Amino acid sequence: MTIADALSRIGRIAVCVDAFPAGEVAPAFRTVANELARATGAVVTDEPGAGTEPEPGVFSLLHGSPANLDVARVSKEDSPDSGLLLRLHEDGSGFLASRQTHLLYAFLTYLL
């Protein structure tokens, strides 16, 4: 499997709105979601609790750690609170998580 293969299997990009005050998603998250959708043909949805249960073809954008992240397996330096974290599975499911919104677009352009 290549990254391009996994990206091609993304059918929906779920933007988790829970971590933002009053559901106001940071513009960087919106831009990244729209650019990823343009590159993959996926649709973008705003969802509460996105990333809690991985579904095939659903890729989540999260502000901070996903609810199901096994924090024991992630070092503090690799946590979304100090940078960003990408999980991408063969079926297109996964997430991109970060609290550092200024890193998102640069990383996406590198990924694509």
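All residue numbers refer to position in the chain's written sequence, counted from 1. With the structure being a predicted model, the display of local features is reserved for residues of pLDDT at least 70 and the display and counting of side-chain atom pairs for 80 or more, all residues being used for whole-chain, interface and lining totals. With hydrogens and water stripped out, all remaining heavy atoms of the structure feed into the side-chain values.

Draft legend 1. Quick look at helix α2 (residues 27–40). The helix and strand labels rest on DSSP assignments: H or I over at least four residues marks a helix, E over at least two residues marks a strand, and numbering proceeds from the N terminus. The span you would expect from a helix comes to 1.5 Å times its residue count less one. Taking 1.5 Å per residue as the helical rise, α2 with its 14 residues ought to reach 20 Å, and the 20 Å between its terminal C-alpha atoms agrees with that figure. Each residue is assigned to one of three classes by its accessible area relative to the maximum for its type, calculated with a 1.4 Å probe on protein chains only: buried under 20%, partly exposed between the two thresholds, exposed over 50%. If you check which residues of α2 are buried, you get F29, V32, A33, L36, A37 and T40. Within α2, the buried residues cover an arc of 130° as seen down the axis, which keeps them to one side. Looking at α2, the residues exposed on the side facing more than 90 degrees away from the buried face are P27 and R38. In the segment just after α2, G41 is the residue with positive phi, at about 80°. Directions from the helix axis toward the C-beta atoms define the arc.

Draft legend 2. Quick look at the side chain of T40. Tracing the chain through its elements places T40 in helix α2. A 3.5 Å cut-off defines polar contacts: any pair of N or O atoms within that distance qualifies, except that in protein one atom must be a possible hydrogen donor and the other a possible acceptor, and neighbouring residues in sequence count only when both atoms are side-chain atoms. For T40, the side chain forms a polar contact with the main-chain oxygen of L36, separated by 2.8 Å. Within the structure, T40 has its side chain in polar contact with the backbone nitrogen of A42 (distance 3.3 Å). Contacts were defined at the residue level, with two residues in contact if any of their heavy atoms lie within 4.5 Å. Aside from chain neighbours lying at most four places away, what touches T40 is L7, I10 and I13.

Draft legend 3. Structural view of the pattern of salt bridges. One side-chain nitrogen of Lys or Arg within 4 Å of one carboxyl oxygen of Asp or Glu is enough to make a salt bridge. Within the structure shown, the criterion is met by four salt bridges. One salt bridge connects R12 with E47, and the closest N-O pair in it is separated by 2.3 Å. In this pair, R12 sits in strand β1 (residues 12–16) while E47 sits in strand β2 (residues 43–47), placing the two residues 35 residues apart along the sequence. By relative accessible area, which is 22% here, R12 ends up partly exposed. A salt bridge links R12 to E55, with the nearest nitrogen and oxygen atoms 3.3 Å apart. With R12 in strand β1 and E55 in the loop between β2 and β3 (58–62), this residue pair connects regions lying 43 residues apart in the sequence. We classify E55 as partly exposed; its relative accessible area is 41%. Among the charged side chains, a salt-bridge network with shared partners connects R12, E47 and E55.

Draft legend 4. A look at the sheet that holds β3. One open sheet holds the five strands; their spatial order is β2-β1-β3-β5-β4, and the pairing between them is mixed. Among the strands making up the open sheet, the edge pair consists of β2 and β4 (84–88). On average, each strand axis in the sheet is inclined to that of its neighbour by 15°, with strand direction left out of account. Here, any two strands with at least 2 DSSP bridges between them count as paired. Across five bridges, the pairing between β1 and β2 is parallel. For every element, the axis is a line fit to its C-alpha atoms; helices are fit only across the contacting stretch, and the angle between N-to-C directions ranges from 0 to 180 degrees.

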